[in-house]
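Structural overview
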Amino acid sequence: MSQFRLTQTPPSLNPPSDRMVRVKINGIEVEVPNGENIIESAKRVGVDIPYFCYHPRLSRGEAANCRMCLVDVYMPRKNPDGTETLAKMPKPQTACTLPAAQGMVIETESEQVVRDRKGILEFLLINHPLDCPICDRGGECPLQNNTIFYGPPTSRYIEEKRHFPKAYPLSEYVVFDRERCIHCARCTRFADDISGDAQLAFLKRGADMEVGTFAQTAYRSKFSGNVIELCPVGALLSRTYRFKARPWDLHTQKSICSRCSNGCNVKFDYRLEQLLRVNARVNEEVNEEWTCDRGKFGHDYVSAPDRLKTPLLKRDGEFVPISWTEALDRIVEQLRQAGSNVGGIGGQRCTNEDNFVFQKLFREVLGSNHIDSRLGRYQGPVNRPLFERFGYHGMGNRIADLENMKTLFVFGSELVDEQPIIFLRVRKAWRFKGASVVNAVTRVEEETTKVADFAEVNLIYRPGTEMALLLALAHVILHEKLLPKNASTSALAQRVGDWTPARAAAETGVAAEDIVRAAHLLVNGPMAILVGRAITEHPEFEALVEVLGDLVVATGNQGNLNIPGTECNTQGAMDMGVLPDVGPGYRPIDPPGMNTHRMLEAAASGQLPVLWIVGAKLVENYHDADLARRALENCPFVIVNELRLTETARMADLVLPAASVAEKDGTYTSCERRVQRIHKAFDISPDIKPDWLIFTEVAAMLGGTPYFSPRDILRDIAATVPMYAGISFRSLGDAGIRWEYPAGDA
Amino acid sequence: MGIRNLLFEHRDVENIQDIAVYEKHGGYRGLKKAVKMERSAVIEEIKTSGLRGRGGAGFPTGIKWSGIPQNDDKPHYIICNADEGEPGTYKDRELMLKLPHLLVEGMIIAGYALRGTAGYIYIRGEYVEPAWQVRKAIDQAYRAGYLGKNILGVKGFNFDLYIHMGAGSYECGEESALMSSLMGERGQPRLKFPHAPYPTVEGVWKSPTLINNVETFCAAAKILDMGGAEYARLGTERSKGTKIFSVSGHVARPANYEVEMGTPLMELIEAAGGVVGGALKAVIPGGSSVQIVRAEDCPRVNLDYESCQQNGTLLGSGGFMVFNDRTDIVLLMKRTAEFYMHESCGKCTPCREGTRWIYKILDRITSGGGQPGDVELLLDICSQIDGRSYCGLGDAAAWPIVGAIKAFREEFDYWIAHKRSPVGPGHVPPTPEVVNPLLTLVPA
C-alpha cells in the first residue's frame, strides 16, 4: 500500500517555499511565501474568504469542490514593450488552491464574486433540509454562518428536495444525516489522508452522490470522532452528544485528555456537572487538531451516575458511607500504628501535584520509601535501561519531530491503540513527508486502522523472538557493511553472533528477505525507534533496550530511541519520584524501598499493615492478578482512592472518592515530557476531593506542612525538581512546556 | 473544401485492420520516417502542420507535445483519450473499429518523439468491439516489431501500449478525470493549471503525461507520412487539416464524414443527403455541449474553430446533429439536461446541484407546470454554473441551455404559456432501433 502515497498532493498547511512574493489582496499589499494558498494569504491581512471544503491539514488534491472561495484574480502580463499590465483571469478561481505568485492581484468583494457566493450558497441550500432547530450543529455551523454573511435571503427553488432516511448509524459513535450533507469531502479526505482507514468514500455520482462505507459496513476507524468536528454542517453527529444540548448553553474548559500518555489538548464542554462532549484543541506540537475515539468518547466516566460521592468504610464485609472526618481519623490511626511500614501504589492517572504530595507524605511524614507508580512488568532500577546510557527516560524525540524522520521503526507496538496521536504523526511522516516505516509486531489485526497498512516492511514475528529478530537486523547491517566506516558498531558487533537472517527466519517466522529489506531501511537516517508494550512487558526488557540502544548508536541516531509511557501521567508520576529507588527529579534514594511487585508480595504474606492504592486497577490489570488479589485480601488495611467502585476498590477497607480530570486543577506531563495544564470545570459533589487534598490533610494531621492549592504545590515542585524549575501555571500557557534534562545531569 | 478523406483514405479497404493490408497501403510509413528524424524534428513537424486537438477544445497539439520535458529521468506516459462520450459523436469509434493501426502508429510516433515509457488507450467501456480491434492491432504491432524493445532497430526506443477500459462515465473523458480513473481513483477531475502543474509536467503518477484524442493521434500519423507542410495546406489559416464529423439526426445518410476545415456547414448537410422529414430547423455542430444554431444562421457558418466561435457556437468534438422543423427544442434541452444531470460526477457544488435543478425546471415546464420567470431563472442558474464549476462539465451543461434559450426563446415561452409543445406531438427524433448490439463479446 505504500505506493499509494504517490498520487496525492501535499497538504496546503506548510508553505512550499521560502521565497517571498508580493501579492495584493483587496488593495492591501502583502508579502507571502511563494505558492501559498490565497486563502491563507488573505488571513494574514484579515480578509475573510468563506469556504467549506478547504482544510489546511487535508490534501488539496480533493479540495476546491465547494467553490465557495471563488475570487477574482488578475495576473501581471508582460507587454512586448517591456511594461506590465494586469490581465484578469477569464474565470473566477478558488482561493483555497490558488498558489500565490509574484504580482498577483486578488479581489474578494467585487460585484461578481459577491454574486457567485450567493449562487453557490443557493445551490448548497436547495437540497439542505434546513432543519436547524433540531440540528446539533445549529449555532456553530459554518453553513449557517456563511449563509448569514454571504448568502441569498431567499431561495428560488420550488421543486422537491432530496430525501434520505435521517440518522443513519455510521459507526458506534457517529450518525450520519445524508440530507444535510453538502459533499465537501472533508470526512472522506480525513479518512484518506489522516487516519488512513480510507473507509469513508463517495458512492454514486452527481446529485445522487452520498458519503458511505463499502456495502454499508460499519465505519471502524479509531479516529472516527474527528469527522464530527470536521463536518461543516450537521451531517456527521456524535451519538453520545446528539440532542443533549444547544452549543450556546455549554460551558467550555480547556483540559488535557486523560486516556493515554500523548497529552492531547482538548476542550471539555459541560452543562452543570454533566460533561457532554470532548472536542480537540489545537496544539501543533502534540495533536495538531485531532483526537482519537478513546479520548473523544472515553470521558463518560467523569459524569457517570455511579461515581463515588462519599468515603466508604468496610464493616463486616459491607461498605457503609462515612464522613471525611471519620475517614481521615481512621487513616491517621492506621498509619500511626504501622509506622514506616506502609506501601503506596499508583499515581499514573493523577496530576503531578497529586503525585508530589503523595510521595512527600510517604517519604517525609511517614518515613517510608515503599512507593511505586509502575504497574508494568519491568520494575527494576528506574535509571538503568535508558537514563544511564542516553540521559533520558521514556522518549528521546518530541512527537512533532517524528514527522521529520526518514525511517520509523515501530517495534512491538499496536501503535494505534497504545499511542494514537504518535500513530497519526507516523502516518503523516509517511504520507506527506516521504518516510518509510518498518513495523515489527506479533500479529496484524484485520479490519482496523494500523501501521501495517502503510509500513514498507512488516515483520510479523512469533511472540518471544524479539531478540532474534533484532540481532538478525543488526547482522545484516554489519555483514552487508551498510554503515559508513566511522560508525561505532563495536557494541553491536559483539552481540550479533551468528544470527544470520536465515537462522532468524527459522526462529521468528519472518521471511529472511524481509529482514534484509528492513535492515536496509534502518540505516537510512534519520531513523527513530518507537517501542511498544510487547517490549516494555518483555521479561528481557533491559537486554532488548540495550540492543536497541546499540542499534541507534551504530546507525548514528543517538537519542532517537523512544519508549513512551502508557497512562496520562506515567511520565509525571516518575518525575515526581513516585518510585522506590529515586525521589523527585530522579535523585537516587538509599536504601531503595519496595517496588510494586515486592509490596504486593509483602502484603500477600501479611507483612505490610497498610497499603494505599491511588487510582490503580490492580486486580483488573496487574499481570499477576492472583498476587494482587491475595495482597488485597491479606493486607489488614487497604485504602483506595478511586472514582468508581472498581473491583480493586471493592476489596479495599476504605475507599476515598477522588476528583476526576474535570474536577481539579493541576498539570499532567505527557510521554514527550510536555507539562500541560488541566483546568477545573465543575464540582460533582462537595465530598469528592482531589487526591492531593486527601494526602495533604493526612500529612497535616500527622504533623507535616500542608498545601493549600495546586498552584502552591507546583511552586514547591519547581523549587524541588530541577527539570520543573521555572514552570508555573502562568508560564505553561495553552501549549504547555516540554522540559529537557539539565545539561550534565546525566 | 468539402469532403476530403485523409484519415479515412483507406477506411473502406477490405481487411485494413490487418497489419499486412495496412502496410501495403502505406501504413507505418510515418513511423519509419519519424524514427529516422531527431525527436525534436518530429515535434517540429507537428507544429508545422498546425494540428489542433480534435477532442473538442482545439489546443495546438505541437505546443502540447513540446511541453513534455526533454531532459528528465521520470517516465513519460502517452495517453490516448478514447472515452468518446459526447452525445452525437462517434468518430473515434469508427477510427478504432476500421483503422486501429492508424491510432497505434500515431501513439508510437508520440512515444518516440516524447521519449514515452508506456502508452495507455483509455477506451470507453461500451466500446467493446473497437477495443477488440485495437487489441488485435497492438498484438500485431508487437509481432511486427513496432512495439516492445528497440523498436525498428532504434537503440533504447522501448514503448509499450496498454488498453484501459472505462467503466461508463462521461466525466472520465475529461483529461484530469481520465487520469484519476486510470490511476484507480474515483473518476473525478483533478486540479488544473494554475492550481497544479500541467499534465505535461505532472500527470499520471506525478510524471509527464501527454493526453490526446484518438483523431489527433491518427492525424499525427498521417502528418508524419505526408509531411507537416503538406498537411498545413489543407484548411483555413488557423484551423488546419481535416476534421471528422459524426452527422446524425434528420439527414438522409447519417454517418462519419471527413471534411476539410473551413467547409461551409450547409455543404456537410448536403453531403449527408440533406434534411429529411421537414425543413431544416437547427444544427448542433459539435456535440451536445455546444450551442444550437438556427437554420437561418447556418449558411454563415463554416466548419472551422474560428467561424464557429464567431457565430456563437463551437466546433467541439464534431458531433454534428441536424434537426428538422418537427423538433421541439424544449424537449431536446430537457433530454440534454437529463444527460448532464446523470453524468455530473458530483464533485463540485454548481454542477452537482445546478444540473439537477435545470433538469427539474425543464421537466416541470414540459409537464405543464411552467411559471412566468422560469426562463430567467434558467438563465440565472446557468450563469451560476458557467465558469464556476470544477471542470468543463458544468460549462458544457450550461452552454446548450443558454444557447437554446437565446435561439428559441419563443418556444420556451410557448410551453410556459400554453402547457404544450409548439410543434405538436412527434417532436423529438425517434430513438433508432439498436441493430448492432454493442456487447457482442466475440473478437471481431
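Residues numbered from 1 in each chain as written. Chains lettered and ligands numbered in written order. Predicted model: local features only at pLDDT ≥ 70, side-chain atom pairs only at ≥ 80, totals over all residues. Heavy atoms only, no water.

**So, the overall build of chain B**
- Check the secondary structure of chain B and you find 16 helices and 11 strands.
- Computed over its C-alpha atoms, the radius of gyration of chain B comes to 22 Å, within 12% of the 22 Å expected for a compact globule of 444 residues.
- Taken over the C-alpha atoms alone, chain B extends approximately 75 × 45 × 45 Å along its principal axes.
- Here chain B, with 444 residues, has 60% of them falling under the buried criterion.
- The long-range fraction of contacts in chain B, counting pairs at least 24 apart against all pairs at least 6 apart in sequence, stands at 73%. (Helix = DSSP H or I, 4+ residues; strand = E, 2+ residues; numbered from the N terminus. Rg over C-alpha atoms; globule rule 2.2 N^0.38 Å. Buried < 20%, exposed > 50% of the residue type's maximum accessible area, 1.4 Å probe, protein only. Contact = heavy atoms within 4.5 Å.)

**Description of the interface of chain B and chain A**
- Taken together, the contact pairs 42 residues of chain B with 46 residues of chain A.
- When chain B packs against chain A, the two sides together hide about 3800 Å² of surface, and 49% of this comes from carbon and sulfur.
- For the chain B face of the interface with chain A, the top three residues by lost area are His195, Trp357 and Arg388 of chain B, together amounting to 19%.
- Linking lysine 91 of chain A and aspartate 395 of chain B is a salt bridge whose minimum nitrogen-to-oxygen distance equals 2.9 Å.
- On inspection of chain B and its partner chain A, the count reaches 24 residue pairs in polar contact (both at pLDDT 80 or more).
- Those elements that place two or more of their residues in the side of chain B that touches chain A are helix 13 (329-343), helix 14 (349-369) and helix 15 (374-385) of chain B.
- It is helix 14 of chain B that contributes the most residues to the side of chain B that touches chain A, 10 residues altogether.
- Split into classes, the residues belonging to the side of chain B that touches chain A amount to 14 nonpolar, 14 polar and 14 charged. (Buried area = accessible area lost by both parts, 1.4 Å probe. Salt bridge = Lys/Arg side-chain N within 4 Å of Asp/Glu carboxyl O. Polar contact = N/O pair within 3.5 Å; in protein donor to acceptor, adjacent residues only side chain to side chain. Nonpolar A, V, L, I, M, F, W, Y, C, P; charged D, E, K, R; others polar.)

**Focus: helix 6 (residues 100-113) of chain B**
- Here helix 6 of chain B contains 14 residues, and its C-alpha end-to-end distance of 20 Å stays within 8% of the 20 Å for a straight helix at 1.5 Å per residue.
- Among the 14 residues of helix 6 of chain B, 14 are classified as buried, and the element is accordingly described as predominantly covered. (Expected span 1.5 Å × (residues − 1).)

**A short note on the pattern of salt bridges**
Residues and elements named next belong to chain A.
- Applying the stated rule across the entire model yields 96 salt bridges over all chains.
- Arginine 431 is paired through a salt bridge with aspartate 193; the nearest N and O atoms lie 2.6 Å apart. A residue pair is termed long-range when its members are at least 10 positions apart, and arginine 431 in helix 11 (residues 420-433) and aspartate 193 in helix 4 (residues 186-195) qualify at 238 residues.
- The buried category is assigned to aspartate 193, whose relative accessible area is 3%.
- Where lysine 664 meets aspartate 691, a salt bridge forms, and the shortest distance between an N and an O atom there is 3.3 Å. On the criterion of sequence distance, the pair formed by lysine 664 in the loop between strand 26 (654-657) and strand 27 (666-669) and aspartate 691 in helix 23 (residues 691-701) is long-range, its members being 27 residues apart.

**Things to note about the environment of asparagine 569 of chain A**
Residues and elements named next belong to chain A.
- Within the secondary structure, asparagine 569 is located in the loop between strand 23 (561-562) and helix 18 (570-575).
- Classification of asparagine 569 as buried rests on a relative accessible area of 0%.
- Considering only alpha carbons, one finds asparagine 569 and cysteine 350, 219 residues apart in sequence, at a separation of 6.5 Å.
- Separated by 3.1 Å, the side chains of asparagine 569 and asparagine 352 make a polar contact.

**Remarks on the domain arrangement of chain B**
All names here are of chain B.
- Segmenting chain B into domains produces domain 1 (19-232), domain 2 (242-324) and domain 3 (329-428).
- On a C-alpha basis, the centroid separation for the pair domain 2 and domain 3 is 22 Å.
- When domain 2 packs against domain 3, close to 1100 Å² is buried across both sides, 65% of that on carbon and sulfur atoms.
- Among the residues domain 2 hides against domain 3, the three largest losses belong to Lys281, Ile292 and Arg294. Together they make up 47% of the total.
- Along the contact surface separating domain 2 from domain 3 lie two salt bridges.
- Residue arginine 294 pairs with glutamate 410 through a salt bridge whose shortest N-O separation is 3.4 Å. (Domains from an automatic or database assignment.)

**Some remarks on the confidence of the model for chain B**
Residues and elements named next belong to chain B.
- Taken as a whole, chain B shows an average pLDDT of 92; of its residues, 95% reach a score of 70 or greater.
- Counting interchain partners and residues more than four positions distant, the pLDDT-below-50 stretch residues 437-444 has 15 contacts.
- Across the assembled chains, the prediction reports ipTM 0.92 with pTM 0.92. (pLDDT = per-residue confidence, 0-100.)

**Brief notes about the packing of aromatic side chains**
All names here are of chain A.
- Evaluation of the coordinates by the stated rule reveals 32 aromatic pairs over all chains.
- Relative to tyrosine 54, the ring of tyrosine 51 has its centre 5.2 Å away and its plane inclined at 90 degrees; by these criteria the two rings are edge-to-face.
- Here tyrosine 51 falls in the partly exposed class, since its relative accessible area comes to 24%.
- On the basis of an interplanar angle of 80 degrees and a centroid distance of 5.3 Å, the ring pair of phenylalanine 358 and phenylalanine 362 is categorised as edge-to-face. (Phe/Tyr/Trp six-rings, centres within 6.5 Å; stacked < 30°, edge-to-face > 60°.)

**Here's the deal with the sheet that holds strand 8 (residues 174-176) of chain A**
- Across the sheet, which stays open at both edges, the three strands sit in the order 7-8-11 (chain A) with antiparallel pairing between neighbours. In this open sheet, the two edge strands, each paired with only one partner strand, are strand 7 (168-169) and strand 11 (236-238) of chain A. (Pairing = 2+ DSSP bridges.)

**Details of the domain arrangement of chain A**
All names here are of chain A.
- As assigned here, chain A comprises domain 1 (11-124), domain 2 (132-238), domain 3 (331-380 + 570-738) and domain 4 (395-562).
- Once you take the C-alpha centre of each, domain 2 and domain 4 turn out to be 39 Å apart.
- Listed by partner, the interface residues are 10 residues for domain 2 and 12 residues for domain 4.
- Of the roughly 980 Å² buried at the junction of domain 2 and domain 4 (both faces included), carbon and sulfur atoms supply 49%.
- Of all residues in domain 2, Asp193, Lys222 and Phe223 give up the largest surface area on contact with domain 4, accounting jointly for 52% of the area buried on that side.
- Across the contact surface, domain 2 and domain 4 share two salt bridges.
- Across the contact surface, domain 2 and domain 4 share five residue pairs in polar contact (both at pLDDT 80 or more).
- In terms of residue class, the side of domain 2 that touches domain 4 is built from two nonpolar, three polar and five charged.

**Looking at the packing of helix 2 (residues 111-126) of chain A against helix 3 (residues 142-150) of chain A**
Residue and element names in this part refer to chain A.
- For the pair helix 2 and helix 3, interaxial distance at closest approach is 10 Å and the crossing angle is 140 degrees. In terms of axis orientation, helix 2 runs oblique to helix 3. Helix-helix and strand crossings are classified by hand; for helix 2 and helix 3 the assignment is left-handed. Counting all contacts with helix 2, which are made through Arg117, Lys118, Leu121, Leu124 and Leu125, the residues of helix 3 involved are Leu143, Asn146, Thr147 and Tyr150.
- Looking at side-chain class alone, the contact of helix 2 with helix 3 contains five nonpolar, two polar and two charged residues. (Axes fitted to C-alpha atoms, helices over the stretch in contact; angles between N-to-C directions. Parallel < 35°, antiparallel > 145°, perpendicular 65-115°, else oblique. Left-handed = near helix turned anticlockwise from the far one by under 90°.)

**What to know about the confidence of the model for chain A**
All names here are of chain A.
- On average, residues of chain A score 92 in pLDDT, and 97% of them are at 70 or above.
- When pLDDT is averaged over each element of chain A, strand 26 comes out on top at 97 and helix 13 (residues 490-496) at the bottom at 87.
- This model gives residues 1-9 a pLDDT under 50, and the stretch forms 21 contacts once residues within four places in sequence are excluded.

**With respect to the sheet that holds strand 25 (residues 637-642) of chain A**
Residue and element names in this part refer to chain A.
- The strand order 16-15-26-25-24-17-18 describes an open sheet built from seven strands, whose pairing is mixed. Looking at strand neighbours, the two that pair on one side only are strand 16 (318-321) and strand 18 (371-372), the edges of this open sheet.
- As judged from the two bridges shared by strand 15 (residues 312-315) and strand 26, these two strands associate in the antiparallel manner. What sits directly across from leucine 312, in strand 26, is valine 655.
- Contacts between helix 7 (residues 324-338) and the sheet are confined to strand 15, strand 17 (342-346), strand 24 (610-614), strand 25 and strand 26, with strand 26 contributing the most and set at about 130 degrees to the helix.
- Contacts from helix 8 (residues 352-366) reach strand 17, strand 18 and strand 24, with the element oriented near 170 degrees to strand 17.

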